[in-house]
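Residue strings, one per chain:
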Amino acid sequence: MSTVRRFWPILGLLVWAVLPAVVKDPYVIHMLFMVTMFSILAVSLNIAVGYTGLSNLSHATFFGIGAYVAALLSIKTGASFLITLLAGGLVALGFGLLLGLPTLRLKGFYLALVTIGFGQIIRLTELNWISLTNGPMGIPGIPTARLAGYEFTPVAFNYYALVILLLEIEAVRRISDSRIGRALMAIKNDEIVANALGVNITYYKVLAFALSSLFAGMAGSIYAHYVTFVSPDSFTMADSVSILCMVILGGSGTLLGPVIGAVALVVIPELLRFASLYRMIFVGAAMVIGILVREGGLGQTIKEAIGRFGASLHREVKA
Amino acid sequence: MGNILEIKNVSMRFGGLQALHDVSMTVEEGSIAGLIGPNGAGKTTLFNIISGFLTPTSGEVIFEGKPVHGLPPYRLTEIGINRTFQNIRLLQEMTVLQNVQLGYHCRTRTGLFDALGRTSLFKQEEETTRRQALELLDFVGIAQYKDELAKNLSYGLQRKLEIARAIATGAKLLLLDEPSAGMNPAEKDGLAALVRAINDQLGRTVLLIEHDMRLVMYLSQKITVLNQGEKIAEGDPAQIQSHPRVIEAYLGRSYKGGERSA
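All residue numbers here refer to positions counted from 1 along the written sequence of the relevant chain. Chains and ligands are labelled by the order in which they are written, letters from A for the one and numbers from 1 for the other. Per-residue local features of the predicted model are confined to residues with pLDDT of at least 70, and side-chain atom pairs are confined, for both listing and counting, to 80 or more; whole-chain, interface and lining totals are unaffected and use all residues. Water and hydrogen atoms play no part in the side-chain values, which are based on all heavy atoms of the structure.

(A) Broad picture of the domain arrangement of chain B. All names here are of chain B. What counts as a domain boundary in this text is fixed by an automatic or database domain assignment. Entries for chain B in the domain assignment read domain 1 (1–80 + 172–253) and domain 2 (87–170). Each of domain 1 and domain 2 has a C-alpha centre, and these two points are 26 Å apart. Should any heavy atoms of two residues lie within 4.5 Å, those residues are considered in contact. Counting residues at the interface gives 20 residues for domain 1 and 13 residues for domain 2. For the pair domain 1 and domain 2, the two sides together bury roughly 1300 Å², of which 71% comes from carbon and sulfur. Think of a salt bridge as a Lys or Arg side-chain nitrogen and an Asp or Glu carboxyl oxygen that are within 4 Å of each other. Where domain 1 packs against domain 2, one counts 0 salt bridges. Every helix listed is a DSSP run of H or I at least four residues long, and every strand listed is a run of E at least two residues long, numbered separately from the N terminus. Elements that contribute at least two residues to the side of domain 1 that touches domain 2 include exactly α2 (73–79), β7 (173–177) and α7 (185–200). With 5 residues, the single largest contributor to the side of domain 1 that touches domain 2 is α7. Accessible area, probed at 1.4 Å, shrinks when two parts are joined; the buried area is that loss added up over both.

Now the structure itself:
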């Protein structure tokens, strides 16, 4: 069973790793990059939403903060992409603390509303602080990532993002399987009990929120160097909602569910491009049906299907 | 031995409702004590005060000689008081083992970077708490369910898990809120043996709220009776059983002069 459980993620990883190298179509390579990018975002949002049960409708805002920091830092100081990766992540983390410390006492709808408000404040700042952000025109000409004289191609960006995604997944795995992960899950399950068991609720909520923002900011830096242009339009509440949908559809609180959700919600709209105007109706319907059919998310369904498949394999081998 | 817990003149008022009025009681270290009374007597309110979920309107709670009223629940857990809940509160979506491991949260120290780096401290602490948690599950008799989600356990087993989790916090004083509620007679006997073992073998002091008189009389060395927010009696089981005010509280005053015939 456990070998079967490991088999599918490893196969997925192999396909993910080989595809950018063998595919020649730049459009497909771009889509692969976007899948990886949104996977990083969904996995990070899952720390706050899935494991800890915090509502957050401003994840794309932290993504945007990371992207703006990377853009400004690399244009003004010529900092390397690895520096902007760290800086973007840390500044986003700082904003996560700034938002989280006073507001994480709130729950459910109230917290969701506060995060929406925060997203609007940052977006308006990006639009109106023209001397810093160039307002609605955005910041063009961000240097692409360079390593020892080698200029990153879109294929290289795919591998860069994939490495970060894998590091992130491993970090989340280690956190979830630890004293800290158990404290986060306890807060999601029942705050009163968590409190009675000696879990400092505010500390762990802020920690989850900050970690979630850190990875979103890092994703922002990768994205900024890849597209070489950032503007307030790239980081809207609609994007935050999409990321949240990826987490919920894929399976919140599971390690790989958000990745499945990201793959589904990036790839399906592209496959439906032939239906042009109507495609988002299909996507919406697919989400509603997906969640109605399976509250635990696609991850759960796939896990069980694999379990059955594994069991049937087992029988065949025995027979 | 001395008193591990002293409650001095505690009153609790919710708006116009006087839930507790000037209640004082003590629990001797190393004993099993009972807290009984009709529904609405204020027993759970008193538990909420001792465990830090409520701050009394007036009065003091002294634990091991130090005042502890007004501290938040997580601080009281660190100090050594933990409780179970009347309506079982497990972490439903977590496994049985994880529920007990959480009990050790306040006794362990590894942080984010230990978890990320899988340091030797982290490995050692995880290994120790895991082993201790498994021993505790074995102690309460549910070790075979360690990987089940807590919500999948039967009612009686959920109660045992909740008790195991409270023990895991290292509490010197365990507050059990109606541990036998909803149990059948056989399960109640098992529970009685478990509470005894917690007291004898683990050396923990137990204060329990209980509606099953047979059980509470059998287990407790001292019983405190509350009625309508006031303490009406205190003593050993024999004294309580024959105490006129207790009988009155439970059965009602006898009618005089046959004003109403049944």
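Don't stop here, the text continues.
(B) Summary view of the interface of chain B and chain A. Contact residues are listed per partner, giving 31 residues for chain B and 25 residues for chain A. Each partner contributes to the roughly 2600 Å² buried at the junction of chain B and chain A, and carbon and sulfur atoms together form 61% of this total. For Arg89 of chain B, the salt bridge identified is with Asp190 of chain A, shortest N-O distance 2.9 Å. Polar contacts, as used here, are pairs of N or O atoms within 3.5 Å; protein pairs need one atom able to donate a hydrogen and one able to accept it. Residues neighboring in sequence count only if both atoms are side-chain atoms. The interface formed by chain B and chain A includes 14 residue pairs in polar contact (both at pLDDT 80 or more). Among the elements of the structure, α2, α3 (96–103), α4 (112–117) and α5 (120–140) of chain B are those that each provide at least two residues to the side of chain B that touches chain A.

(C) Looking closely at the pattern of salt bridges. The final tally for this structure, using the stated rule, is 19 salt bridges over all chains. For Arg123 of chain A, the salt bridge identified is with Asp233 of chain A, shortest N-O distance 3.9 Å. Separated by 110 residues along the polypeptide, Arg123 of chain A in helix α5 (residues 108–128) and Asp233 of chain A in the loop between α10 (201–227) and α11 (237–250) bring together distant segments of the chain. Salt-bridge contacts for Arg118 of chain B lead to Asp177 of chain A; the nearest nitrogen and oxygen are separated by 3.8 Å. Of this pair, Arg118 of chain B sits in the loop between α4 and α5 while Asp177 of chain A sits in the loop between α7 (154–176) and α8 (179–189), each in a different chain. On the basis of relative accessibility, which here comes to 16%, the residue Arg118 of chain B falls in the buried class. By sharing partners, the salt bridges in this structure join Glu170, Arg173 and Arg174 of chain A into a single network. Between buried and exposed lies partly exposed: a residue is buried under 20% and exposed over 50% of the maximum accessible area for its type, with that area taken using a 1.4 Å probe on protein chains only.

(D) Quick peek at the sheet that holds strand β5 (residues 66–67) of chain B. Residue and element names in this part refer to chain B. The 4 strands are arranged β2-β1-β4-β5 in an open sheet whose pairing can be described as antiparallel. Each having just a single partner strand, β2 (17–28) and β5 make up the two edges of the open sheet. Relative to strand β4 (residues 58–63), strand β1 (residues 3–14) runs antiparallel, the two being bridged by 5 bridges. By the bridge assignment, Leu5 is partnered in β4 with Phe63. Simply put, an axis is a line fit to the C-alpha atoms, just over the touching stretch for a helix, and the angle between two N-to-C directions goes from 0 to 180 degrees. Contacts from helix α1 (residues 43–50) reach β1, β2 and β4, with the element oriented near 115° to β1. At least two bridges found by DSSP between two strands are what make those strands a pair.

(E) Structural context of the sheet that holds strand β8 (residues 205–209) of chain B. All names here are of chain B. The mixed open sheet is built from 6 strands, whose spatial order is β6-β7-β8-β3-β9-β10. Edge positions in the open sheet fall to β6 (81–83) and β10 (230–235), since each of these has one partner strand only. Adjacent strand axes in the sheet meet at a mean angle of 20°, parallel and antiparallel pairs treated alike. Across 5 bridges, strand β9 (residues 222–227) lies against β10 in antiparallel orientation. By the bridge assignment, Leu226 is partnered in β10 with Lys231.

(F) Spotlight on the nonpolar core. Membership of the largest hydrophobic core comes to 99 residues, with the highest contact counts inside it found for Phe33, Ile222 and Val230 of chain A. Among the elements that make up this core, the one with the highest residue count is α10 of chain A (16 residues). Leaving out residues up to four positions away in the same chain, Phe33 of chain A has contacts with Phe157, Asn158, Ala161, Ile222, Tyr223 and Tyr226 of chain A. Formed by 34 residues, the second largest nonpolar core is a distinct cluster that contains Ile88, Val96, Leu136 and Val140 of chain B. What we call a nonpolar core is a set of buried Ala, Val, Leu, Ile, Met, Phe, Trp, Tyr and Cys residues that are connected through their side-chain atoms within 4.5 Å.

(G) Local environment of the pairing of β1 of chain B. Residue and element names in this part refer to chain B. The pairing of β1 with β2 spans 8 bridges and is classified as antiparallel. Each bridged residue has a counterpart across the sheet, and for Glu6 the counterpart in β2 is Thr26. Connecting the antiparallel pair β1 and β2 is a turn made up of 2 residues, with Gly15 showing a positive phi of about 55°.

(H) How the structure looks around helix α3 (residues 59–77) of chain A. Residues and elements named next belong to chain A. A rise of 1.5 Å per residue sets the reference length of α3, with its 19 residues, at 27 Å; its end C-alpha atoms lie 27 Å apart and thus fit the reference within 8%. α3 sits mainly inside the fold: 15 of its 19 residues count as buried. Following α3 by one or two positions, Gly78 has its phi on the positive side, about 70°. To estimate how far a helix should extend, the number of its residues minus one is multiplied by 1.5 Å.

(I) Structural detail: the environment of Pro67 of chain B. Residue and element names in this part refer to chain B. Its location among the elements puts Pro67 in strand β5. Sequence separation between Pro67 and Ile7 is 60 residues; the distance between their C-alpha atoms is 9.7 Å. Sequence-distant contacts of Pro67, that is, excluding residues within four places in its chain, are made with Val61 and Ile62.

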